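These are the residues of each chain, in order.
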Amino acid sequence: MGSVKKIRAGILLLITTFFWGVTFTVVKDAISKVDVFIFLAQRFLIAAAIMLPIALTRVDRIKIRLFTHASILGILLFASYAFQTVALKYTSASNTGFLTGLSVLLVPLFGAAIFRHAVAPGIKWGVGLATPGLFLLCTDGSLNFNVGDILGAICGACVALHLLYTSHFARHADSDVYLLTTLQLSVVGLLSLVSAEARGQEVFVWHPELLWTLVVCVLIATIFAFLVQTTMQKWISPAHTALIFCTEPVFAAVYAYYAAGERLGALSLLGAVLILAGMVVSELLPDGADSEATVTVAAEG
């Protein structure tokens with residue numbers, strides 16, 4: 001039964017990653033028209049508002065611990081977006097993409113240090129293939145470091161911590177996944193609102209050119225995606241989740257090829273192959289999902 005749930009979780013997380021990859025191009029276009037924090041505030045606040053009616057029917061399940069968990073996840077998720085955005089001002093998109101994707105390497109390292117997760121052979125081989133794959137796909141083999149790269153690396157660390165703590169919090173016996181997701185998205189929306197206002201940007205302004213981008217991003221890339229992530233991380237390890245999420249730039253590149261005519265070089269194509277190989281290898285070799293779940297339950301008990 002556990003293996004069936006793990007397979008289903010992997011498939012749904014892969015579908016989620018596909019949507020994130022496909023929407024990357026439209027999001028990139030949106031933030032070229034409005035301040036990124038305006039877009040983030042509108043995206044996450046609208047998503048939270050849509051989820052609110054159902055959340056209100058479950059309000060009796062809100063505990064201080066649930067609210068604390070959601071706040072931590074919301075802060076980590078917002079920090080991921082914020083550091084990534086600022087990093088893009090000082091370094092290239094390719095560097096930022098690679099450094100953000102380094103969460104695949106940081107998840108097992110942080111997991112071992114914070115939660116004493118065992119790093120199984122499947123994860124080691126998967127990370128070993130996916131990490132150079134990310135480098136080749138995102139940078140085409142060249143990387144020049146500057147101050148923006150430090151911010152990109154911090155973004156990667158925030159992504160890794162968000163994955164780890166999502167898995168940890170979702171497995172609590174009294175955790176309500178729907179409320180955890182709704183509150184988390186609310187925190188991201190509110191922090192984005194504060195950031196936009198601090199930059200002198202007006203959030204509550206209608207931008208008709210963003211209508212369909214917001215519709216797609218709110219319903220699919222936010223509500224559906226984060227509900228799936230929070231729910232499925234009950235059944236699949238954070239390290240496996242990070243490997244699956246590594247396919248986002250692959251999906252983004254494929255969609256950019258069809259939608260915008262962008263072409264990948266030979267090294268980038270090799271990188272995409274290595275990422276996919278890393279994900280497949282991690283599934284075929286023994287994994288550490290059961291041991292990670294055991295450690296998490298033991299820590300909670």
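Numbering of residues begins from 1 in every chain and follows the order in which that chain's sequence is written. For this predicted model, a pLDDT threshold of at least 70 governs which residues receive local features, and a threshold of 80 or more governs which side-chain atom pairs are given and counted, while totals over whole chains, interfaces and linings are taken from all residues. Here the side-chain values reflect all heavy atoms present in the structure, with hydrogen atoms and water set aside.

- In the nomenclature of an unreviewed UniProt entry, the protein chain is known as DMT family transporter of Geomonas oryzisoli.
- UniProt positions are given in the numbering used here, feature names are shortened, and annotations may be inferred rather than shown by experiment. UniProt, in its Subcellular location (unreviewed entry) section for the protein chain, records the words "Cell membrane".

## So, the side chain of Ser 192
Working step 1: Every helix listed is a DSSP run of H or I at least four residues long, and every strand listed is a run of E at least two residues long, numbered separately from the N terminus. Positionally, Ser 192 belongs in helix α8 (residues 177-198).
Working step 2: As used in this structure description, the phrase polar contact means that two N or O atoms lie within 3.5 Å; if the pair is within protein, one of them must be able to donate a hydrogen and the other to accept it, and residues adjacent in sequence are counted only when both atoms belong to side chains. Separated by 2.8 Å, the side chain of Ser 192 and the backbone oxygen of Val 188 make a polar contact.
Working step 3: Beyond its immediate sequence surroundings of up to four residues, Ser 192 is in contact with Phe 37, Leu 40, Ala 41 and Phe 78. The contact rule is simple, with two residues in contact once any of their heavy atoms fall within 4.5 Å.

## Focus: the packing of aromatic side chains
Working step 1: For this analysis, a ring pair means two rings from Phe, Tyr or Trp (six-membered ring only for Trp) whose centres lie within 6.5 Å, classed as stacked if their planes differ by under 30 degrees, edge-to-face if by over 60, and tilted for the remaining angles. Summed over the entire model, instances satisfying the criterion amount to eleven aromatic pairs.
Working step 2: Their ring planes at 85° and their centres at 5.4 Å tell us that Phe 18 and Phe 251 sit as a pair that is edge-to-face. Of this pair, Phe 18 sits in helix α1 (residues 2-30) while Phe 251 sits in helix α11 (residues 248-260), and the two are 233 residues apart along the sequence.
Working step 3: The interplanar angle of 75° and the centroid separation of 5.1 Å between the aromatic rings of Trp 20 and Phe 245 together place this pair among those described as edge-to-face. One end of the pair, Trp 20, is in helix α1; the other, Phe 245, is in helix α10 (residues 238-245), and 225 residues separate them in sequence. Like Phe 245, Trp 20 is buried.
Working step 4: An aromatic cluster of three or more residues is present, and its members are Trp 20, Phe 44, Tyr 81, Phe 226 and Phe 245. Burial here depends on accessible area, computed with a 1.4 Å probe over protein chains only, as a share of the maximum for the residue type. Under 20% is buried, over 50% is exposed, and the range in between is partly exposed.

## Section: the nonpolar core
Working step 1: Membership of the largest hydrophobic core comes to 64 residues, with the highest contact counts inside it found for Leu 13, Phe 37, Phe 44, Val 104, Val 107, Leu 134 and Phe 226.
Working step 2: Look past the residues within four positions of Phe 44 in its chain and what remains in contact with it is Leu 77, Tyr 81, Leu 185, Val 188, Gly 189, Thr 222 and Phe 226. Residues belong to a common nonpolar core when they are buried Ala, Val, Leu, Ile, Met, Phe, Trp, Tyr or Cys residues joined through side-chain atoms within 4.5 Å.

## Let's talk about the packing of helix α6 (residues 121-139) against helix α12 (residues 266-284)
Working step 1: At a minimum axis distance of 7 Å, the contact between α6 and α12 shows a crossing angle of 165°. Looking at the two axes, α6 sits roughly antiparallel to α12. Crossing of α6 against α12: the hand is left-handed. Side by side, α6 and α12 meet where Gly 122, Trp 125, Gly 126, Leu 129, Ala 130, Pro 132, Gly 133, Leu 134, Leu 136 and Leu 137 of the first sit next to Leu 267, Ser 268, Leu 270, Gly 271, Ala 272, Leu 274, Ile 275, Ala 277, Gly 278, Val 281 and Ser 282 of the second.
Working step 2: Polar here means any residue other than Ala, Val, Leu, Ile, Met, Phe, Trp, Tyr, Cys and Pro, which are nonpolar, and Asp, Glu, Lys and Arg, which are charged; Gly is therefore polar. Per-class residue counts for the contact of α6 with α12 are 14 nonpolar, seven polar and no charged. A fitted line through C-alpha atoms represents every axis, and for helices the fit uses only the stretch in contact; the resulting angles, taken between N-to-C directions, go from 0 to 180 degrees. Angular relationships are summarised with four words: roughly parallel below 35 degrees, roughly antiparallel beyond 145, roughly perpendicular across 65 to 115, and oblique for the angles in between. Less than a right angle of anticlockwise turn of the near helix away from the far helix marks a crossing as left-handed, whereas a clockwise turn marks it as right-handed.

## Quick look at the environment of Thr 85
Working step 1: With respect to the secondary-structure elements, Thr 85 resides in helix α3 (residues 64-90).
Working step 2: As a C-alpha pair, Thr 85 and Gly 152 span 67 residues in sequence and 8.8 Å in three-dimensional space.

## Thoughts on a nonpolar patch on the surface
Working step 1: Judged by side-chain polarity, Ile 46, Ile 50, Trp 206, Leu 211, Trp 212, Val 215, Val 216 and Leu 219 come together as a nonpolar surface patch covering roughly 770 Å² of accessible area.
Working step 2: Mapped by element, the contributors of at least two residues to the nonpolar patch are α2 (36-56) and α9 (211-232).
Working step 3: Looking at the element boundaries, Leu 211 is found in helix α9. Every patch collects residues that have over 30% relative accessible area and no salt bridge, joining them within 9 Å if they carry like charges and within 5 Å if they are nonpolar side chains (Val, Leu, Ile, Met, Phe, Trp, Tyr). Only the protein chains shown count as covering a residue, and every accessible area follows the Shrake-Rupley method with a 1.4 Å probe. Salt bridge, as used here, is a side-chain nitrogen of Lys or Arg placed within 4 Å of a carboxyl oxygen of Asp or Glu.

## Re the confidence of the model for the protein chain
Working step 1: A score between 0 and 100, pLDDT records how confident the predictor is in each residue. Averaged over all residues, the pLDDT of the protein chain is 85; the fraction at 70 or higher stands at 90%.
Working step 2: The least confident element of the protein chain, judged by mean pLDDT, is helix α13 (residues 289-300) at 40; the most confident is α8 at 96.
Working step 3: Predicted confidence for residues 288-301 stays below pLDDT 50, and this span has 20 contacts to residues more than four positions away or in other chains.

## Description of the pattern of salt bridges
Working step 1: Across all of its chains, the model carries four salt bridges by this definition.
Working step 2: Asp 176 serves as the salt-bridge partner of Arg 61, at 2.9 Å between the closest nitrogen and oxygen. Within this pair, whereas Arg 61 is found in the loop between α2 and α3, its partner Asp 176 is found in the loop between α7 (147-170) and α8, the two being separated by 115 residues in sequence.
Working step 3: Residue classification places Asp 176 among the buried residues on the basis of a relative accessible area of 5%.
Working step 4: Among the charged side chains, a salt-bridge network with shared partners connects Arg 58, Arg 61 and Asp 176.

## Some remarks on the packing of helix α5 (residues 103-114) against α6
Working step 1: Taken N-terminus to C-terminus, the directions of α5 and α6 make an angle of 150°; their axes are 9 Å apart at the nearest point. Considering the angle they form, α5 stands roughly antiparallel to α6. Of the residues in α6, those in contact with Val 104, Leu 105 and Pro 108 of α5 are Ile 123, Val 127, Thr 131 and Leu 134.

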